[in-house]
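Each chain, letter by letter, is given below.
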Amino acid sequence: MIVEATDNYAIAAAGPLARSKGIPLLLASADNPANVQDELRRLAATNAILVGPGFNPRTLLRQAINAVVTSQTWTSGPGPDEMDSPVASLFPSTVEEVYITDALDPSDLATASAASSFQKVPLFTVGNALTDWEKGELARLKPKRAHFIGTTSSATQTVADIEVLGIPVSPVSGDSAASRNETVVRSLRGRNLDDRTLVVGSQLGSTQLLVSSFGAAMEGTVPRLTPDSNSLSGPIKEEASSWGPELRSAVVVGPPSVISDTYLNHLQVAVRTPRAAAGAFHVTETTTSPDGSGWVELSAQPNAARYKLVDLAGSTVYSGTSPRFPVPSDGTTFKASALDSAGAILAERDVRVAINPDEPDRKTKVAATSDGSVTKLEWSEGSAGPRARHVTRHEMVRDAQGQLAIAGTTQLGGTCATSFTDASRPSGKEVIYEVSQYGTNTGNFCSVTTPTTSIREPQVDFTALRIPAVSTTATIQSESATSPGAPTPTMAEKSLMALKAHSASGGISTESFGTSAWTFRYQTFIADRYVRPAWYDTQTFGGDNRGFGAWHDSFRTRADMTFYFDSRYSIQSMHFGKATGITKEYHCTLHSFNNCSYVKQAQESTDGIRIMDKRAYGSYRVARIEHDSAIPIRPHGAMWGLTPTPGITYTMDVLYWPNGFSVTGFHDGAPSHELWGGWVPGEYIPIMTHNRACDFGPGLAGFCKVNFNIKI
């Protein structure tokens, strides 16, 4: 495929077509037709697709092409910005989705072309309304979805024209071209975007960024747009630093006048920083036996004659000559010790395991070992082979009101390996590690298989482990341990153990719901003050206008599960509660939330929230929430005219062992989801706090999903 090198609109539209056909894209200069001939001969090209108005048969460039190739297809449009429809006409009759941009910002044109090339789908560059040709091509292509990248206030009529065709439009959020670029990158992680390959450009060099789009797509990624051409910062810095030496390649696009040498130097430092070493006596492997049982192996210690494993109660659950331990079926927190022949302790580490016993072959099993300052995470993969994982650390803090909260979120690393070492864990703070995976389980860029794609927004799977606050000593033992030789408990474990101690002393009456018990509270809420289901319409819904918190009065839905224990620490009874909030409808000024006037309000019933006692089904599952609570006021827009009124959807299973809970499940990408737990009348401990993962329309329509497996 040949495009004139100075025609940005033709380049933008041609890249996705070349990717879909699996052919090279050649940018040709009319000033040097001889170079074009040389490249065509090198490629041994016999056919060519010419895109753009610059290939008149009388030009020297066209004649040079004719001298080499035997046949050509020339496609052009009525104007410089109207190359989209003729190029789209060369795509198959149906596509999964399309990208649309107003190209008012040249960087948006580059981002849209890059996303289209990565997805191998058509790109449309539109004005204030669709042309008849564009309408005809969209009707022929029948995309299931259209992504709009650009200034939303300029495209109201365009979006209305598209939705009249029955095509839902998803605007790419962001107040700047750089933030919209980042939104696109996040969404494409669900399509196996290779973020180990980094291509960075600046808004000052949008043309160079556009030219790099096709090559980046060939490498399985899209170019990133930095908001600051002089300093590495924000998500790009976080990503480069997290992958570090595992980064496959890093390319800065443009001369120093576009993106400075200082930026390049900062990038080089980020990717050359070596990984931290774990040190001695840390987890080296996690495995699952054919019968579904879990095993954890630690590094062997010199002069060790015996190894033992002790649970939270101080009971020895393993003793042997091998540092490979079977994970007891009723426990997830232990202390491992290496002893010499005289019984003296050579080394000891706390060991924490997150595992879903119901799905041993489908869930990632994560184990962590910790000393005073280093945590080593190790996980096992399924038969699909290695997958890209991101490791994130959250710190437990108290907010201004003294309530527990999750803060200090840091993306520590990205890796294609099955382990990661955190040597910078903050002292004196409980932390939570998330090991997450974007996209599909197979065909990702860490493996040799061909990447698979999906029309959905990013799908995230993560497993979380909590590490308690410990001092920076060589060993773990502290006064907060339950007994000599036992592991240090987390806040949640201490809370549950305190509850059990109270239960064993007769402090709980199973006849009354007013006494002490363990409660989980799952809430969904809209953090914003207002949200708009269709951004080209004035209809607006009132949000909850808040952050995370267990005791807020404003929420979309709330589900409570309370568990009562007998003196043997078995769950003897349960109590469930559920509620929905009030939804208020307003009409506000288009493209803003000004001059809002109240219209009406409604409250959905709680019928869509089902909480079930699952103890009769065996295994370790004790309760489940199946949540599909609809919005009580129908949103405007053609998208919702084609589907039932959207609901907030999630499912959560609660699993219980004698020394702890785990929760597994999934939730929609919007709105915000939070899970709290604790011994009542103690305080709620944050278990999961998730801001919305995608825009409200795609999130409520089920276009993005978060799967979770959390050891509490």
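All values reported here derive from a predicted model rather than from experimental measurement.

Draft legend 1. Structural view of the overall build of the chain. Summing up its helical and strand segments, the chain has 14 helices and 39 strands in all. Looking at the 712 residues of the chain, the share that counts as buried comes to 54%. A separation of at least 24 residues holds for 67% of the contacts in the chain among residues at least 6 apart in sequence. Of the roughly 27800 Å² of accessible surface on the chain, a fraction of 51% belongs to carbon and sulfur atoms.

Draft legend 2. Highlighting the pairing of strand 34 (residues 621-630). With five bridges joining them, strand 33 (residues 609-613) and strand 34 adopt antiparallel strand pairing. The residue bridging Asp613 from the neighbouring strand is Ala623, located in strand 34. The pairing of strand 34 with strand 35 (residues 647-657) spans nine bridges and is classified as antiparallel. The residue of strand 35 that forms the bridge with Asp628 is Thr649.

Draft legend 3. Quick look at the packing of aromatic side chains. All chains considered together, the criterion is met by 14 aromatic pairs. Plain terms: the ring middles of Trp518 and Phe520 are 5.9 Å apart, the flat faces sit at 75° to each other, and that makes the pair edge-to-face. For Trp518, a relative accessible area of 1% corresponds to the buried category. Look at Phe520 and you get buried, because its relative accessible area is 1%. Aromatic side chains Phe525 and Phe548 sit 5.4 Å apart centroid to centroid with 85° between the ring planes, which places their arrangement in the edge-to-face category. Remark: Phe548 occurs in the loop between strand 28 (539-542) and strand 29 (557-565) and Phe525 occurs in strand 26 (residues 517-525); sequence separation between them is 23 residues. Phe525 sits in the buried class, given a relative accessible area of 0%. Over the aromatic face of Phe525 sits the side chain of Arg546, whose NZ or CZ is 3.9 Å from the ring centroid. One Lys or Arg, Lys705, reaches over the ring of Phe666 and ends 5.3 Å from the middle of that ring.

Draft legend 4. Examining the environment of Gly678 more closely. Summarising the element assignment, Gly678 is placed in strand 37 (residues 672-680). Along the backbone, Gly678 and Lys494 are 184 residues apart, and their C-alpha atoms lie at a distance of 9.8 Å. Ignoring anything within four residues of it in the chain, the contact list for Gly678 reads Ser495, Ala517, Trp518, Thr519, Glu683 and Tyr684.

Draft legend 5. Representation of the side chain of Arg521 in the model. Following the sequence through the fold, Arg521 ends up in strand 26. Only 2.9 Å separates the side chain of Arg521 from the side chain of Asp560, close enough to count as a polar contact.

Draft legend 6. Region of interest: the pattern of salt bridges. Evaluation of the coordinates by the stated rule reveals 28 salt bridges. A salt bridge links Arg224 to Glu182, with the shortest nitrogen-to-oxygen separation between them at 2.7 Å. Taken together, the positions of Arg224 in strand 10 (residues 224-226) and Glu182 in helix 8 (residues 177-188) put the pair 42 residues apart, joining distant regions of the chain. The residues Arg224 and Glu182 share a single accessibility class, namely buried. Through salt bridges with shared partners, a single network forms among Glu182, Arg189, Asp195, Arg224 and Glu239.

Draft legend 7. Spatial organisation of the state of the cysteines. This model, assessed by the stated rule, comprises one disulfide. The side chain of Cys588 participates in a disulfide bridge whose partner is Cys596; the two sulfur atoms lie 2.0 Å from each other. Taking the torsion about the sulfur-sulfur bond, which here is approximately 115°, the covalent link between Cys588 and Cys596 counts as right-handed.

Draft legend 8. Just the nonpolar core, in detail. In this structure, Met1, Val51, Ile100, Phe124, Ile162 and Leu188 are the most contacted members of the largest nonpolar core, which totals 57 residues. Among the elements that take part in this core, helix 1 (residues 8-21) stands out by supplying seven residues, more than any other. Filtering out sequence-adjacent residues up to four positions away, Phe124 remains in contact with Asp84, Ser85, Ala88, Val98, Tyr99, Ile100, Thr101, Glu134, Glu137, Leu138 and Leu141. If you look at the next biggest cluster of nonpolar residues, it comprises 35 residues, including Ile609, Ile625, Tyr650 and Phe708.

Draft legend 9. Representation of helix 1 within the structure. A rise of 1.5 Å per residue sets the reference length of helix 1, with its 14 residues, at 20 Å; its end C-alpha atoms lie 20 Å apart and thus fit the reference within 8%. Of all the bends in helix 1, the greatest, near 25°, is centred on Ala14, and the proline Pro16 appears no more than four residues after it. A large share of helix 1 lies buried, amounting to 10 of its 14 residues. Positive phi shows up at Gly22, right after helix 1, with a value of about 70°.

Draft legend 10. How the structure looks around the packing of helix 5 (residues 106-119) against helix 8. As a packed pair, helix 5 and helix 8 sit with axes 9 Å apart at the nearest point and diverge in direction by 10°. Taken together, the axes of helix 5 and helix 8 are roughly parallel relative to one another. For the pair helix 5 and helix 8, contact is made by Ser107, Asp108, Thr111, Ala115, Phe118 and Gln119 and by Ala177, Arg180, Asn181, Val184 and Leu188, respectively. Its residues assigned to classes, the contact of helix 5 with helix 8 shows five nonpolar, four polar and two charged.

Draft legend 11. Focus on the sheet that holds strand 7 (residues 145-149). Spatially, four strands are ordered 6-5-7-8 in an open sheet, and the strand pairing comes out parallel. The sheet is open, and its two borders are formed by strand 6 (123-125) and strand 8 (169-171), each paired with just one other strand. On average, each strand axis in the sheet is inclined to that of its neighbour by 25°, with strand direction left out of account. As defined by bridge partners, strand 7 adjoins strand 8 across three bridges and the pair is classed as parallel. From the neighbouring strand, Ala146 faces strand 8, where its bridge partner is Val169.

Draft legend 12. Main features of the sheet that holds strand 4 (residues 71-75). The parallel open sheet is built from four strands, whose spatial order is 2-1-3-4. Each having just a single partner strand, strand 2 (26-28) and strand 4 make up the two edges of the open sheet. Direction aside, the axes of adjacent strands within the sheet are offset by 25° on average. Where strand 1 (residues 2-4) meets strand 2, three bridges bridge the pair, whose relative direction is parallel. In the strand pairing of strand 2, Glu4 is matched with Ala28.

Conventions used here
- Residues numbered from 1 in each chain as written.
- Predicted model: local features only at pLDDT ≥ 70, side-chain atom pairs only at ≥ 80, totals over all residues.
- Heavy atoms only, no water.
- Helix = DSSP H or I, 4+ residues; strand = E, 2+ residues; numbered from the N terminus.
- Buried < 20%, exposed > 50% of the residue type's maximum accessible area, 1.4 Å probe, protein only.
- Contact = heavy atoms within 4.5 Å.
- Areas by Shrake-Rupley, 256 points an atom, 1.4 Å probe, with all protein chains shown as cover.
- Pairing = 2+ DSSP bridges.
- Phe/Tyr/Trp six-rings, centres within 6.5 Å; stacked < 30°, edge-to-face > 60°.
- Lys NZ or Arg CZ within 6 Å of the ring centre and 35° of its normal.
- Polar contact = N/O pair within 3.5 Å; in protein donor to acceptor, adjacent residues only side chain to side chain.
- Salt bridge = Lys/Arg side-chain N within 4 Å of Asp/Glu carboxyl O.
- Disulfide = S-S within 2.5 Å.
- Core = buried A, V, L, I, M, F, W, Y, C linked by side-chain atoms within 4.5 Å.
- Expected span 1.5 Å × (residues − 1).
- Bend = angle between axes of the 7 residues up to and from the residue.
- Axes fitted to C-alpha atoms, helices over the stretch in contact; angles between N-to-C directions.
- Parallel < 35°, antiparallel > 145°, perpendicular 65-115°, else oblique.
- Nonpolar A, V, L, I, M, F, W, Y, C, P; charged D, E, K, R; others polar.

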